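One-letter residues, chain by chain:
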Amino acid sequence: MDWELRSLVPDGLRIGAIITGEGGVSIEATTTGDGAPCPECGCTSRSVHRHRERALSDLPCMGRPVRLLVRVRHFRCLSPLCPRKVFCERLGGVAAPRARRTDRQGRVLLAIAHESGGEAGARLARDSGMPISPDTLLRIIRRSASPDVSNPVALGVDDWALRKGRTYGTIMVDLHRHRPVGLLPDRSAGSFAEWLVAHPDVRIISRDRGGEYAEGGRLGAPRAVQVADRFHLLKNLGEVVERIMRRHADRLARVPAPGCQGMPWPRRDRAASRERTRSEMRDRYESIQELSRRGMSKSAIARALGVHRHTVQKYMALETAPQRRHRTRGRSILATHEAYILERWRQGCRNAMQLWREVTARGYRGGYGSVARLVAHLRASENTGCRPSQPWPRLTPERSVGLLLAHERDKQEQASIDDLKALHPELCESAAALEGFARLVRSEEGEETERGLHRWMAAAGGSGAPELEAFVVKLRQDVGAVLAGLTLPYSQGQVEGQVNRLKLIKRQMFGRANFDLLRERFLNTGGASRRARDHPVPIFGSTESAPVGIS
Ligand SMILES: [Zn+2]
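Residues numbered from 1 in each chain as written. Predicted model: local features only at pLDDT ≥ 70, side-chain atom pairs only at ≥ 80, totals over all residues. Heavy atoms only, no water.

Caption draft 1: Representation of the overall build of the protein in the model. Within the protein, the secondary structure is distributed over 22 helices and 12 strands. Considering the protein as a whole, with its 551 residues, one finds that 42% of them fall into the buried category. Total accessible area on the protein is roughly 30300 Å²; 51% of this is exposed by carbon and sulfur atoms. (Helix = DSSP H or I, 4+ residues; strand = E, 2+ residues; numbered from the N terminus. Buried < 20%, exposed > 50% of the residue type's maximum accessible area, 1.4 Å probe, protein only. Areas by Shrake-Rupley, 256 points an atom, 1.4 Å probe, with all protein chains shown as cover.)

This is the structure in structure tokens:
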């Protein structure tokens, strides 16, 4: 059986023999065509001087390394004026002059090198039947042309640590095409401006707050709109509010964290009333089932028992008596005052009525019974030798900021925030400021947002909290970019994703993270789909060649 193998070898070659051995597959081939043009003068010559065998490693076949052994011809140049006397024919489309691998293997190795780097890439290539050393893979990266980075219109820029705490570089991302377009070895305004001058189409610059990139943008692309990242703004404001809350940490500690029930003192016993409800429901269920068996209509049963028709319908459909729905008990309204009562208890106050009067004066709206039960519990634990303490979780500055930034809160969380705002005017102001700014960040109404921002700055600027006022001063200095950040759809999310990818590549490269090598690998692996589009890798032959068949 003779296999049609033409499609497996590149155009311009004819297969002579295929030898399968221990080390892999060797394919002997000869060139087709009568003559070849001289690379010096271009004159075609048919005068063969001698033959030579060129060994080219090629893409593996069934996991085995493949070597193309091409018998190439050396021709005499017949042009009398040409300085070249003898030349070797070129293998255009197969391999570059003097190359030791085919072009198609080179493309696959480059892709492996970009994705996996030297060491891991070499292991991967060897296991796939293309033995190569890590150093050679790195040389392939260095020799490859930088990707064509067309001019981005919307640019995201941020810094990244070349050596953390020491050297920082700059990363640039095309926000429309979702791909990295530049990597600079420093983060100065000057080099960013220079890069922008070389990429004159940039109209949007999304950046972190202020600093070098704002300056670089003004210098290099004065007409571009600068966008301050809204999520960074919100995060910065969160840190400001957290600092304010830290000043009030002792006040904050009075508020139990959401989900915390407060001290485990015994609540009013509701077991009897629960049992009463249960037996009522059971009786009603049995009556309805009985009347229904006797053939009474739903509305007749409803009238006879004095219940709603829907209840009759529901109970008739049930197999067994309904269970009382379990309700989770909310936090006691005494919880925010427990710390105070405990403090007074330590000071020696044992009078429940006195304590009830005191917490009522501090805003407690509940009855005397709860205070009395708490005092009884404290007395009991004192008698058994347990020292009453405050083991239950309290609201912390971090938790408060987290709750204020949350998209939505449940009832308990809202209760904690309400308690917090009631503690001190400054806490109330800063909490409201953070909530208000979070609303601005999440709102999607352009003009309303602009008015809202100015209202917000006026309110927060006059809040009396120095940290908050300082934040507003800095915000006013960058107000154009802040407003753009709140109204335009651009943010730094993508850029942060690319910084993480860059870190991963850097870590993979261990000590070999030379900047140029890192840059090549980073820019070339920006999006798998992009490289696949720009450099399709034919695995066997070209797509136009005839399908493999049996002749
Ligand atoms: Zn010539």
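Caption draft 2: A look at the packing of helix α11 (residues 335-347) against helix α12 (residues 352-361). At a minimum axis distance of 11 Å, the contact between α11 and α12 shows a crossing angle of 135°. In terms of orientation, α11 lies oblique with respect to α12. Between α11 and α12 lies a crossing whose hand is right-handed. On α12, the residues touching His337, Tyr340, Ile341 and Arg344 of α11 are Leu355, Glu358 and Val359. (Axes fitted to C-alpha atoms, helices over the stretch in contact; angles between N-to-C directions. Parallel < 35°, antiparallel > 145°, perpendicular 65-115°, else oblique. Left-handed = near helix turned anticlockwise from the far one by under 90°. Contact = heavy atoms within 4.5 Å.)

Caption draft 3: Seen up close, helix α18 (residues 466-477). With 12 residues, α18 extends 17 Å from end C-alpha to end C-alpha; this agrees with the ideal 16 Å at 1.5 Å per step. Within α18, burial applies to Glu467, Leu468, Phe471, Val472 and Leu475. Along the long axis of α18, the arc covered by the buried residues comes to 135°, so they all point the same way. Pointing more than 90 degrees away from the buried face of α18 are the exposed residues Lys474 and Gln477. (Expected span 1.5 Å × (residues − 1). Arc of directions from axis to C-beta.)

Caption draft 4: Up close: the packing of aromatic side chains. Across all of its chains, the model carries eight aromatic pairs by this definition. Taken together, a centroid distance of 6.4 Å and an interplanar angle of 15° make the contact between Trp160 and Phe515 stacked. One end of the pair, Trp160, is in strand β8 (residues 154-163); the other, Phe515, is in helix α21 (residues 515-524), and 355 residues separate them in sequence. Trp160 gets classed as buried once you look at its relative accessible area, which sits at 3%. Residue Phe515 is classed as partly exposed on the basis of its relative accessible area, which comes to 22%. Ring centres of Phe437 and Phe471 lie 6.4 Å apart, and the angle between their planes is 85°; on these two criteria the pair is classed as edge-to-face. Here the residue Phe437 occupies a position in helix α16 (residues 425-442), and Phe471 occupies one in helix α18, the gap between them amounting to 34 residues. With respect to class, Phe437 is no different from Phe471; both count as buried. Taken together, the aromatic side chains of Phe437, Trp456 and Phe471 make up a single cluster linked through ring pairs. Looking at Arg362, its charged tip hangs above the ring of Tyr340, at a distance of 4.0 Å from the centre. (Phe/Tyr/Trp six-rings, centres within 6.5 Å; stacked < 30°, edge-to-face > 60°. Lys NZ or Arg CZ within 6 Å of the ring centre and 35° of its normal.)

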